Each structure stands twice: as C-alpha cells, then as structure tokens.
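Chain by chain, the residues run as shown.
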Amino acid sequence: MTAESSNPKTGIMAALRQPSAAFHKDQLAALGQWLLAHLLPPVVVLTGLMGLWEILCSMPGAMLPAPSQVVQETWELIVLPFYNYGGNDVGMGWQVLASLERVAYGYSMAVVVGVSLGVLIGKSTWAMRGLDPIFQVLRTVPPLAWLPISLAAFQSSNPSAIFVIFITAIWPIIINTSVGIRNIPDDYQNVARVLRLNPYENFTRIMLPSAAPYIFSGLRIGIGLSWLAIVAAEMLIGGVGIGFFIWDAWNASMLSDIVLALIYVGLVGYFLDQVVGFIGRRVTRGTSA
Amino acid sequence: MSDRYLIIDNVNKIFHSKKTATHVLDSINLTVKRGEYISIIGHSGCGKSTLLNAVSGLTTATSGYVILDGKEVNAPGPDRALVFQNHSLLPWLSVYENVALAVNKVFGASKSAQERKDWILHNLDMVGMSHALTRLPAEISGGMKQRVGIARALAMQPKLLLLDEPFGALDALTRAHLQEEVMRIQADLNNTVLMITHDVDEAVLLSDRIVMMTNGPRATIGEVLEINLDRPRNRIELASDPLYNEYRRAVLRFLHEKQQKVAPLTPEASENKQSEADQRVSVG
C-alpha cells in the first residue's frame, strides 16, 4: 500500500504536484536527448581521430609527436598561458593577444575604408567602372606578396604586418558592401522618396540597414582572411605573436609546441568568426546569416 | 475648389527603350472630389500602376500634369501616401518603428515627441495592430503587414491616399476583412482615395466611382461608373441588391466584353505577359 492511498490529503497533494514533477522529468529527458544527439557525434569522432593519431605517431620511426607526447611536452605552456620571462619568451595567451592586437588595428581600418569604398562604388556607376578593374586585379594578390613592399614603405615590421591585414581583409568588405548597396530594393527607395528623406537620413535609415546583411557577410569573410594572413605575416616579421611562435618552435624543433599553437590558432579563428557573426545577427535582427 | 481637388489633366506616358517607344498612357483626364473614393480597374498591363505612379510623383508624365489641392505634382511626397501591394515595410524595423519613421519625418517639426508617439499608437490601434508593436514584419502575417502599411500611410495624414492593389496578395477571407476595415476607417476619416484593383466586387463595394481603363498600349479611361449605394455598405445585404448586381454586371461587361483580351495565348504572348507582370512587381 502506497503513501498516497493511505493518506487522502497527501495523496491529493502528490497528485497536484505530480504534473509539474512529471514535466520536470520530461524536460530533463529532453535535455539529455538533445545532448546525446548533438554532443555525442563530435565526441565520438574526436576520440576516434585522436586514437588514430596516437596509434600512427606511436609507431617506431614516426616523425610527428603523438597527442600524449604533445600534452606532456607542452604542459607548461598549457597551464601557464600568461607567463612572461622577458623578450619573446612569453605565454601562449600573450602571443595570441599580440596577434589579435595587430588584427584589431588592420581589420578596423579595413572595415572603415572598405565600407566607405563599397558605398561609393555601390552608388556611383562612374566610380565602379573606374575602380572595379583595379580591385579585381589587386584582390587576387596573395597577402604575403604585399609584405616586402610594405616593409620597404614603413621601414618597420609592426605597421607592415598591420598593413598586410588591412589589404587582405578589405576586398571582400568592399565587394560585399557595393553589392548590398546596389541591391537595395526599389520599394525601400520609394518609401524614402515618398517620405522625402534627405540624403543623410536615406543613407543611415534605409541604405545601411538594407545593405547590412551583405556588409556583414563581407565582414565575416574579412575577419577570417585577416586571421589567416596574420599568422603567415608574423612568421616573416618576428617578435611576439602566434605566427612567429610557430616559426620559432620549428627552428628549435619543438614540434609539440607547433601542434599546440595550431590548436590555439584554430580556436581563436573560430571565435573571431563567431563574434562577427553574432554582432551581424544582432545588428540586422536575424536577417544576416 | 473641393470639386476639383485632384485633377489629372491630359496625362500621357511614353516609355522609351533603346529602339522602341511604348505609349502606355494616352490622354488620361480625371477630376476627383475631395473625400471621394475612386477605384481604377483594368486588365493587367493596362498602365494602372503607371497612372498611380504619375499621381504619386514616383514617375513623371511625358506630357500633361497632375494637380492636387491647387499644386502641381512633380515629385513624391508625404501628402500622397502610398500603400504598396507588397506592403514595403522595412524589415529591420518593428511595426511601431515602421510607422514611427514616417510620423517622425512628417510631423517632426509640428508635433512634440509625446504627441507623435500617441499619434503612432492611435494609427496602429485604428488598424487593430496594437498587440504587435514590437514585432518585426517577418514575424507577422501578410494581412497584418498590409494593416501596418495602411497605418503608416494614414499616419502621414495625406491629402490623397494611393492604394496599389492593397489586398491583391491576400487570401479571400483576409481580403474581405481588410475591406471592411478600410470602409470603417474611411467612414471616420473621409480621405480622398485612389485605389488600383483587379477585383470587381472590391471596386463596387468600396468606391464612389469606378474608373475603367482600356487595354494597353495607349490605354485610356474607357468608362467611369458612378456607384450610388448607401453607406455604410454591407457585403451580405448587397449580394441580393439589384442595383449592386447591376453595377457589377456593368464592370464585368466592360472588362470581359468590350475590353476582352484578344491576344491568342501563344508562347510568345504569355512570355510577354510574364515579363509585364515582372515589371509591375519591380515597380511596386
């Protein structure tokens, strides 16, 4: 005999509580299901790949370190991301931050100049005809090809690296912005005309918001390219930065450090992409991908 | 003066492309009284939208002119508010903000911030959209979007309200519902309205006069039918009203006997029709 049936009062209470308890249970079950469906596949695949890596690199004559060896050899770097022993000998956190600082400068300039030029060639057919052929040629120049000429111009490594970021990120921003401005629906322009918005109001209230989804897809491609370029540029210019850290480790034959740095580079790149994507969704209220 | 509130005087419109010139509108003459509700009906591609755009100022007539309240129309302006078939709400602005953009621009100097806010809410309330102020256009139904479009147009307190097939994209029940709303609002505000429609029932139900246009090219006004039905009108009672049915018959006779589309449905012809329809969509 259960407690509910022996005591009518607590029985009723239990019955009243039961729906919410059952609901709670259902919710927990649903959460479990969701985790199982979304977390299980990446965990399984990652474990499998690491296992394969471990097996392959543990074989005699393997040239690259196995994951266990990487963790063992880089343990100090993993647990102390912000140590500072002076000079280039600083933790991975500082290395990444140094690279991010260069990206921040170069990318910010690319955003300002790129959006402005994009609006210009989106609005003016004359400017488009004049600038587009030049842009189409220049945008195919690989980022590192700009480095020697910028080193010659700036006579200093840091501004050169920043310039390489700028020149790499700017093309997709210009092109996407101009497409966005060109594709503003006539309907929106008709609304602006009926309301007699002045050019400034038209620009801020109609054109920019309407082109924002395009602009943000350009910004997102741009941030990805910036991060690709900075690692390569830093390998050549030296100093503190994740790119030079990789080059330095290669010269010192510390392959485990390189593996760890690659993981850092990948995670930071993913993070940057997500941040720009998040801002884009907020600004465009969900209309940009 | 109030008998000649809107004057469309000998308006012609010729579109020039590279080699050909298309004479779309030919000598359109129409005079509208203040507070009158006019429907313009005609087959697709007869230039109804072009005529409305000429009155709105979005396109300029090749010759002839449009005079509203003693002033010649030569550019778009908030005194001729438009309700577009595809609503044309700005998708990044909420329902409230869409109306606010218009109200703040039109009454920015003449009304205080509080008055403007009250006026926005009043207009959204009038079309029954007070419950969805913070929703984005993508989050509301087609009928609701059209209500917001109407609220935005009414909130400008236009001298002339231009409706370009306002209910064309809606299902029949929603359309009927919105027609009722428009009649109710019209009874209160007594706006001067120019409405394009394809729908004979809609034209007879809502209008004081129906302007029937001939087929293009060189479309012009074929007949004008005065609708002498008492207001308020009730669609159910009118269904058995002989006068109402006589009006319907007159419009149908014009459209399907006198202005019957005679072009055979060859692939080429239907292609043309398609591109015509596309053009109309892009014009708005």
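Here the residue numbering is sequential within each chain, running from 1 through the sequence in written order. Labels follow written order: the first chain is A, the first ligand is 1, and so on. For this predicted model, a pLDDT threshold of at least 70 governs which residues receive local features, and a threshold of 80 or more governs which side-chain atom pairs are given and counted, while totals over whole chains, interfaces and linings are taken from all residues. Here the side-chain values reflect all heavy atoms present in the structure, with hydrogen atoms and water set aside.

Chemist: Please explain the overall build of chain A as it appears in this structure.
Modeler: Secondary structure follows DSSP: runs of H or I at least 4 residues long count as helices, runs of E at least 2 residues long count as strands, and numbering of each begins at the N terminus. The number of helices and strands found in chain A is 12 helices and zero strands. Listing every helix and strand of chain A by position from the N terminus yields α-α-α-α-α-α-α-α-α-α-α-α. The C-alpha atoms of chain A give 27 Å as radius of gyration, which overshoots the globular expectation for 289 residues (19 Å, by more than 25%). Only protein chains enter the area calculation, which uses a 1.4 Å probe; residues under 20% of their type maximum are buried, those over 50% are exposed, and those in between are partly exposed. Burial analysis of chain A (289 residues in total) assigns 37% to the buried set. Note on contacts: a residue pair is in contact if any heavy atoms of the two residues lie within 4.5 Å. Taking contacts inside chain A between residues at least 6 apart in sequence as the whole, the part at least 24 apart equals 65%. If you sum the accessible surface of chain A, you get close to 16800 Å²; carbon and sulfur atoms cover 70% of it. Side-chain charges of chain A comprise 15 positive and 15 negative groups, with the mean position of each set lying 20 Å from the other. Radius of gyration means the value over C-alpha atoms here, while the globule rule gives 2.2 Å times the residue count to the 0.38 power. Every accessible area reported is derived by Shrake-Rupley at a probe size of 1.4 Å, with residue values counting cover from the shown protein chains alone. By the counting scheme adopted, Arg and Lys are positive, Glu and Asp are negative, and His together with the chain ends is not counted. Note on charges: their place is set at NZ of Lys, CZ of Arg, CG of Asp or CD of Glu.

Chemist: What is the right way to read the sheet that holds strand β6 (residues 80-83) of chain B from this model?
Modeler: Residue and element names in this part refer to chain B. The strand order across the open sheet formed by six strands is β6-β7-β8-β3-β9-β10, and the pairing between neighbours is mixed. Here the strands that pair on one side only, and so sit at the sheet edges, are β6 and β10 (221-226). Here the average twist between neighbouring strands, direction ignored, is 20°. As paired elements, strand β9 (residues 209-213) and β10 share five bridges and run antiparallel to each other. Across the sheet, residue I210 finds its bridge partner in β10, namely L225. Strand contacts of helix α8 (residues 242-258): β3 (37-41), β9 and β10, with the helix running at about 170° to β10, the strand carrying the most contacts. A pair of strands is treated as paired once DSSP finds two or more bridges between them. Fitting a line to C-alpha atoms yields each axis, with helices limited to the stretch in contact; the angle taken between N-to-C directions then spans 0 to 180 degrees.

Chemist: Would you take a moment to explain the side chain of A:R102 for this structure?
Modeler: Among the structural elements, A:R102 can be located in helix α5 (residues 92-123). With a relative accessible area of 10%, A:R102 lands in the buried category.

Chemist: Honestly, the nonpolar core in this entry has me stumped. Any pointers?
Modeler: Looking at soluble globular proteins, one finds that nonpolar side chains tend to be buried together. Ranked by size, the top nonpolar core spans 142 residues in total, and within it B:L6, B:V204, B:I210 and B:V251 carry the most contacts. By residue number, the principal contributor to this core is helix α10 (residues 199-237) of chain A, which donates 13 residues. What B:L6 contacts, discounting residues up to four positions off in sequence, is B:L30, B:T31, B:V32, B:V55, B:V66, B:I67, B:L68, B:L160 and B:L194. Joining through side-chain atoms within 4.5 Å is the link that ties buried Ala, Val, Leu, Ile, Met, Phe, Trp, Tyr and Cys residues into a set, and such a set is a nonpolar core.

Chemist: Which parts of the structure should I look at to understand the pattern of salt bridges?
Modeler: Should their charged atoms come close, side chains of opposite charge can pair. Salt bridge, as used here: a side-chain nitrogen of Lys or Arg that lies within 4 Å of a carboxyl oxygen of Asp or Glu. Here the structure, examined in full by the defined rule, presents 15 salt bridges over all chains. For A:R102, the salt bridge goes to A:E234, with nearest N and O atoms at 2.5 Å. One end of the pair, A:R102, is in helix α5; the other, A:E234, is in helix α10, and 132 residues separate them in sequence. The pair A:R102 / A:E234 is uniform in exposure class, with both members buried. Taken together, the shared-partner salt bridges in this structure form one network comprising B:R147, B:E181 and B:R184.

Chemist: Looking at this structure, I do not really get the UniProt feature "transmembrane region" (unreviewed entry) in chain A. What am I missing?
Modeler: UniProt positions are given in the numbering used here, feature names are shortened, and annotations may be inferred rather than shown by experiment. Mapped onto the present numbering, the UniProt feature "transmembrane region" (unreviewed entry) falls at residues 34-53, 104-122, 134-154, 160-179, 225-247 and 253-272 of chain A. Taken end to end, residues 160-179 of chain A is 100% helix and 0% strand, and its two terminal C-alpha atoms sit 30 Å from one another.

Chemist: Mind showing me how you'd approach a nonpolar patch on the surface here?
Modeler: What makes a patch is a set of residues exposed beyond 30% relative accessible area and free of salt bridges, joined within 9 Å when like-charged and within 5 Å when nonpolar (Val, Leu, Ile, Met, Phe, Trp, Tyr). There is a patch of nonpolar side chains on the surface, built from A:L28, A:L31, A:W34, A:L35, A:L39 and A:V43 and spanning about 600 Å² of accessible area. As for its position among the elements, A:L31 is in helix α2 (residues 8-58).

Chemist: Just checking my understanding: could you explain the sheet that holds strand β1 (residues 6-16) of chain B for this structure?
Modeler: Within a sheet, adjacent strands bond to each other through the backbone by hydrogen bonds, running parallel or antiparallel. All names here are of chain B. A sheet is described by the order of its strands in space; here four strands give the open sequence β2-β1-β4-β5, paired in antiparallel fashion. Each edge of the open sheet is held by one strand with a lone partner, namely β2 (21-32) and β5 (71-72). The sheet contact formed by β1 and β2 spans eight bridges and is antiparallel. Within β2, the residue paired with I7 across the bridge is T31. Most of the contacts of helix α1 (residues 48-56) go to β1, to which it runs at about 120°, and overall it touches β1, β2 and β4 (63-68).

Chemist: Would you mind going over the confidence of the model for chain B with me for this structure?
Modeler: Caution applies to low-pLDDT parts of the model: their predicted coordinates are not meant to be read in detail. Residues and elements named next belong to chain B. Looking at chain B, the pLDDT average stands at 86 and 91% of residues meet or exceed 70. As a per-residue quantity, pLDDT reports the predictor's confidence and falls between 0 and 100. Taken as a whole, residues 268-284 scores under 50 in pLDDT and shows 15 contacts with residues more than four places along the chain or in a different chain. What the predictor reports for the complex is a pTM of 0.76 with an ipTM of 0.82.

Chemist: Even after reading the chapter, I still don't get helix α2 (residues 95-107) of chain B, so can you show me in this structure?
Modeler: Residues that lie three or four places apart on an α-helix share one face, since the helix turns once every 3.6 residues. Expected span of a helix: the number of residues minus one, times 1.5 Å. Helix length check: α2(B) (13 residues) gives 18 Å between terminal C-alpha atoms against 18 Å at 1.5 Å per residue, within 8%. Burial in α2(B) covers these residues: B:V95, B:N98, B:V99, B:A100, B:L101, B:A102, B:V103 and B:F107. Lining the buried residues of α2(B) we find α9 (186-195) and α10 of chain A together with α3 (113-126) and α4 (142-155) of chain B.

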